[in-house]
Amino acid sequence: MPEPILEIKDLTVEFSTEDGIVHAVTGVSYDLYPGEVLGIVGESGSGKSVSMLSVLGLVPMPPGKIVHGEALFKGDDLVTMPKNKLRDIRGGPMAMIFQDPMTSLNPVLTIGDQISEAIKVHNRGKSDDDVKKRTVELLELVGVPFAERRVEQYPHEFSGGMRQRAMIAMAIANEPTVLVADEPTTALDVTIQAQIVEVLKTAQRETHAAIVLITHDLGLIAELADRVVVMYAGRVVELADVFTIFNSPRHPYTVGLMNSLARVDVDLEWLEPIPGQPPSLITPPSGCAFHPRCAFSQGRAICRTEIPELRKADEGVHLSACHFAEELAVTHVRVGAGAGDGS
Amino acid sequence: MLPFGEEPASVGSPDLTLAYESGVELEARSQWAYARLRFFRHRLAVASLVVLILIGGVAIFAPQLAPYGFDEQDLLNLNAPPTFDDKHLFGTDQLGRDYLSRVIFGVRTSLWVALFVAILSTAIGTAVGSIAGYFGGQVDNLLMRFTDLILTLPGLAVLLTASVFFGSGDPLKVGLILALLFWTGLARIVRGLFLSLREKEFVEAAKAAGASDMRIIVRHMLPNCVGPIVVTMTLLIALAILTEAALSFLGFGIQPPNAALGTLIDSGQEQGLETWWLVTFPGLVIVLIALSINFIGDGLRDALDPTQRRRA
């Protein structure tokens, strides 16, 4: 296996609020390998964005705080790195695509200006002509028609899909080695989502960047990701390659996610939602944070008393944080059976 | 799952291609184009702009336009009333100086001071406000308490003391004193704007792109505040003209023989009501300038803030 380009090790991030300390991310570790697409899945508030944003220094501190852990990017720890060095990494070797292209573009600057800005920040010496040429080139790459003309336009003259393309153009402007896409399609309608997925693929082909895809859209994960990290209540609960996650999940939460998924290939009468509410991150449930909602725990004491460790659950690289991961391997058939019941 | 056709959707998007190809030319208008459009619909503002440009032109070309020098005396015509047939359109003052020329040079001085004050105080106010609003916390606290301090000073008393202390008469000094008092309002406005702007996602996006604090303030956030800043600046010009006139009227502003509009009224009122033209003409010009600047400011505010759109 090649060397990981980004290693997040035992990262813990907390927010102090008036109601108490929010344990947004607790002891999270994962690696990112060159050229791969790593999907991070989880509900809102599961810490999937915070784990990335905090190491990039994009979480306001205070109230946020990285309690411990490190994030090694090409061997350098992003957490302890001086601010100005981290700034050079942001938008350079590590770039971000934001969720909502409606609000992530500056309304008073032209699209061209904003992409040029992204280039200029990291290439001070570059002549204006070169920057302009590169801007048009980037817009063409992400499939904005009439790029030559459209660089002069403002965000309000762009449709949602076109804006997201522009955002992607900005992100890949400096040929990043890591591209963090934070819910890149959530704010878009479904047909545009499909186009943006294609643009992301193009972007990756061109830059060979490793992509961290943060989303709660399992369809997007299935389409793009190579490996998947499933997060729940600020912890990694399962980690495996995308086929394994979909075919033989080894954590009840992942199983629940699969069952709550609307699928076009199976005739389902009902979707099975995961019962209950996402847990409070101020006072997380004792033991396994998922146990109050877990259909699988069946009231077993260990689920309430002991926090399960992330451990090897299956052949290959497949980690699960469930006390009974092995048991799931036997019974997981129910996942498919549950889906088949409706037909 | 995402609904895909057999062929992956091509990277080129269809939505705008259609409009271009069908020959419909969509003329792209920038915010500025829209703002211009709205401004020119505001009749009073446009009229005021014309008036102000005329007055400004007179001020710039004062030496060429004034029939006499500002301190040139016509000793045969002391306190001559305004006449159309004679050579003194606005009459003369007690020293026989042509009053039209005095007023023209007065406009020149007053406008110059006002512009200087407006630009300097806008610069200070914008800098203080944006730094306070962007960084927040202790920096914000410190800067804003200082702003409050300046704001609570009794303006006129400070102005009078300062002009005695630093010496008055020099238009530059008067302008400097005014500017150091006038920046507070704008600082608060800009701070407020920055407080809300810094929470915007595009600021976070700029941060994620690796832009430095200074770059984010100047390149990403300030352009979003241009509207309110420009409007406040126009109103500051009007305020500066009036204050400078008041200061000069009280004898602490620009000193004779230099002509400023306030100075003219001051020396005029000493003569009493007999020589009404000495007070009336500079007074009218002050009113005209202040009014038209205020109307322009109003027009700009409506033009630059589309959410406040009223019946045009």
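What you are looking at is a predicted structure, and each value in this text was computed from that prediction instead of being measured.

1. Quick look at the pairing of strand 6 (residues 94-97) of chain A
Residue and element names in this part refer to chain A.
Thought 1: The two faces of strand 6 match: Met94 and Met96 on one face and Ala95 and Ile97 on the other face are all buried.
Thought 2: Relative to strand 7 (residues 178-182), strand 6 runs parallel, the two being bridged by four bridges. Across the sheet, the residue bridging to alanine 95 is leucine 179, located in strand 7.

2. Focus: the confidence of the model for chain B
Residue and element names in this part refer to chain B.
Thought 1: When pLDDT is averaged along chain B, the result is 79, and 85% of the positions lie at 70 or above.
Thought 2: Averaged pLDDT values over the elements of chain B bottom out at 48 in helix 1 (residues 17-21) and peak at 92 in helix 9 (residues 184-197).
Thought 3: Across residues 1-25, where pLDDT falls below 50, the model places 34 contacts with residues more than four positions away in sequence or in other chains.

3. Concerning the sheet that holds strand 4 (residues 64-73) of chain A
Residue and element names in this part refer to chain A.
Thought 1: Judged by pairing direction, the sheet is antiparallel, and its four strands sit side by side in the order 2-1-4-5 without closing on themselves. Bordering the open sheet on either side are strand 2 (20-32) and strand 5 (76-77), each of which pairs with just one other strand.
Thought 2: Contacts from helix 1 (residues 48-55) reach strand 1 (6-17), strand 2 and strand 4, with the element oriented near 105° to strand 1.

4. A look at helix 3 (residues 43-60) of chain B
All names here are of chain B.
Thought 1: In a regular helix each residue adds 1.5 Å, so 18 residues correspond to 26 Å; helix 3 covers 26 Å between its end C-alpha atoms and thus fits that length.
Thought 2: For helix 3, the set of buried residues is Ala45, Ser48, Leu52 and Ala59. The arc that holds every buried residue of helix 3, seen down its axis, measures 60°, which confines them to one face. Away from its buried face, by an angle of more than 90 degrees, helix 3 presents the exposed residues Arg43, Val50, Ile53, Leu54 and Gly57.

5. Structural notes on the environment of proline 2 of chain A
All names here are of chain A.
Thought 1: Examined against the element boundaries, proline 2 turns out to sit in the segment before strand 1.
Thought 2: According to the C-beta neighbour criterion, proline 2 is exposed, with 8 such atoms within 10 Å.
Thought 3: Put simply, proline 2 and tyrosine 33 are 31 residues apart on the chain and 7.0 Å apart in space, counted from C-alpha to C-alpha.

Parameters at a glance
- Residues numbered from 1 in each chain as written.
- Chains lettered and ligands numbered in written order.
- Predicted model: local features only at pLDDT ≥ 70, side-chain atom pairs only at ≥ 80, totals over all residues.
- Buried ≥ 20, exposed ≤ 12 C-beta atoms within 10 Å, placed from the backbone.
- Helix = DSSP H or I, 4+ residues; strand = E, 2+ residues; numbered from the N terminus.
- Pairing = 2+ DSSP bridges.
- pLDDT = per-residue confidence, 0-100.
- Contact = placed C-beta atoms within 7 Å.
- Axes fitted to C-alpha atoms, helices over the stretch in contact; angles between N-to-C directions.
- Expected span 1.5 Å × (residues − 1).
- Arc of directions from axis to C-beta.

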